[in-house]
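Geometric and topological summary
Listed below, chain by chain, are the residues.
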Amino acid sequence: MRKKYVAGNWKMNLNLAEAKALVEGIKKGLPAGANIDVAVCPPFYMLVPLAEILSGSPIALGAQNCYFEPKGAFTGEVSAPMLKDAGCRTVIIGHSERRQYFGEAGDLLKKKVMAALANGLEVIYCIGETLEEREAGKTESVISRHLREVCGPDVSLDKVTIAYEPVWAIGTGKTATPAQAQEVHAYCRAEIAKLYNPTVAANVRIQYGGSVKPDNAKELMSQPDVDGALVGGASLKAADFLGIIQGALAAQA
Ligand code: PEP
């Protein structure tokens, strides 16, 4: 049985005081001993102070991106060893906003995933189609391409979570229906079985992302292949994020 995994992607939001209050709120509201994985992914400069607050708590700290080189003349970048040093357990790679605004794709994403894993980080690898691609009937080919960018015999998925995030559902309030999410998640798992084997496919966790809220979380995560959520907007308020965690726990019960 795959344990549900709820991660918050804060993007470029909040200031440090707000961020500290948010993690304190999540820490306080997280049911003791809850059988669930939870992570928060704040902007880079908040990682070290938040790592201190989260020390000893079951909430993992994650970053939203990293560069693949370990160090050197790469102005503005942050490496995987630096994230590890800051106290991160995981890192989001390939978010659609990185793909869309920063031109990230293919080989670069694979190098980032490999650098993160080689430095002991877990990875949340994001994939998903745009509205145009969905309407053109290209959802499966995009999912397949995004998976093949990173997956293969040289990349173990033991420490990788896939996040299926239809771009048309991110920050738009338009959630995929549970049936739409399930269909793509099942396709994704079948593709992973082809790229690896049925055991890897059965074990890999696939989060759904795209306007997940407390009121749709349980239904989405009750789908057999939906193993959690990557949450943007609703991860910025403790009550909403905790509501989504409650939804995940209810879906798992
Ligand atoms: C995201 O950006 O990963 C995301 C899912 O955002 P939102 O929940 O705001 O749609």
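Refer to the preceding data block for the structure.
Below you will find a few notes about this structure. (Residues numbered from 1 in each chain as written. Predicted model: local features only at pLDDT ≥ 70, side-chain atom pairs only at ≥ 80, totals over all residues. Heavy atoms only, no water.)

Moving on, we come to the overall build of the chain. Each helix and strand counted, the chain has 11 helices and 8 strands in total. Scaling as 2.2 N^0.38, a compact globule of 253 residues should have a C-alpha radius of gyration of about 18 Å, and the chain matches this with 17 Å. Along the first, second and third principal axes, the C-alpha set of the chain runs to 45 × 45 × 35 Å. For the chain, the proportion of its 253 residues judged to be buried stands at 53%. (Helix = DSSP H or I, 4+ residues; strand = E, 2+ residues; numbered from the N terminus. Rg over C-alpha atoms; globule rule 2.2 N^0.38 Å. Buried < 20%, exposed > 50% of the residue type's maximum accessible area, 1.4 Å probe, protein only.)

With 15 residues, helix 11 (residues 238-252) ought to run about 21 Å at 1.5 Å a step, and its terminal C-alpha atoms sit 21 Å apart, in line with that. All of the buried residues along helix 11 are F241, L242, I244, I245, G247, A248, L249, A251 and Q252. Elements in contact with the buried residues of helix 11: strand 1 (5-9), helix 1 (16-29), strand 2 (37-41), helix 10 (214-221) and strand 8 (228-231). (Expected span 1.5 Å × (residues − 1). Contact = heavy atoms within 4.5 Å.)

What follows concerns the site of the ligand. Contacts to the ligand come from 14 residues, most closely from K11, H95, E165, G171 and S211. At a separation of 2.8 Å, an oxygen atom of the ligand approaches a polar side-chain atom of H95. A class-by-class count of the residues in the shell around the ligand yields 4 nonpolar, 8 polar and 2 charged. (Near = heavy atom within 4 Å. Polar contact = N/O pair within 3.5 Å; in protein donor to acceptor, adjacent residues only side chain to side chain. Nonpolar A, V, L, I, M, F, W, Y, C, P; charged D, E, K, R; others polar.)

Its 12 residues place the ends of helix 7 (residues 139-150) 18 Å apart at the C-alpha level, agreeing with the 16 Å of an ideal helix rising 1.5 Å per residue. Turning to helix 7, its buried residues are T139, V142, I143, S144, H146, L147, E149 and V150. At its buried positions, helix 7 is contacted by helix 4 (96-102), helix 5 (106-118), strand 5 (122-127), helix 6 (131-135), strand 6 (160-164) and helix 8 (178-195).

The next thing to look at is the pattern of salt bridges. Under the counting rule described, the total for this entry stands at 15 salt bridges. One salt bridge connects D227 with R2, and the closest N-O pair in it is separated by 2.8 Å. Here the residue D227 occupies a position in the loop between helix 10 and strand 8, and R2 occupies one in the segment before strand 1, the gap between them amounting to 225 residues. Each member of the pair, D227 as well as R2, is classed as buried. Two residues, D225 and R189, come together in a salt bridge whose shortest N-O distance is 2.6 Å. Pair noted here: D225 is in the loop between helix 10 and strand 8 and R189 is in helix 8, with a separation of 36 residues, a long-range link. (Salt bridge = Lys/Arg side-chain N within 4 Å of Asp/Glu carboxyl O.)

Read around the closed barrel, 8 strands run 1-2-3-4-5-6-7-8, paired in parallel fashion. Going across the sheet, the axis of each strand differs from the next one's by a mean of 25°, ignoring polarity. Examined bridge by bridge, strand 4 (residues 90-93) and strand 5 share 4 bridges and lie parallel to one another. What sits directly across from I93, in strand 5, is Y125. Along the sheet, helix 7 makes contact with strand 5 and strand 6, crossing strand 5 at roughly 150°. (Pairing = 2+ DSSP bridges. Axes fitted to C-alpha atoms, helices over the stretch in contact; angles between N-to-C directions.)

Locating S96 in the fold gives a position in helix 4. A relative accessible area of 10% means that S96 is categorised as buried. When residues no more than four places from it in sequence are discounted, the contact partners of S96 are V167 and I170.

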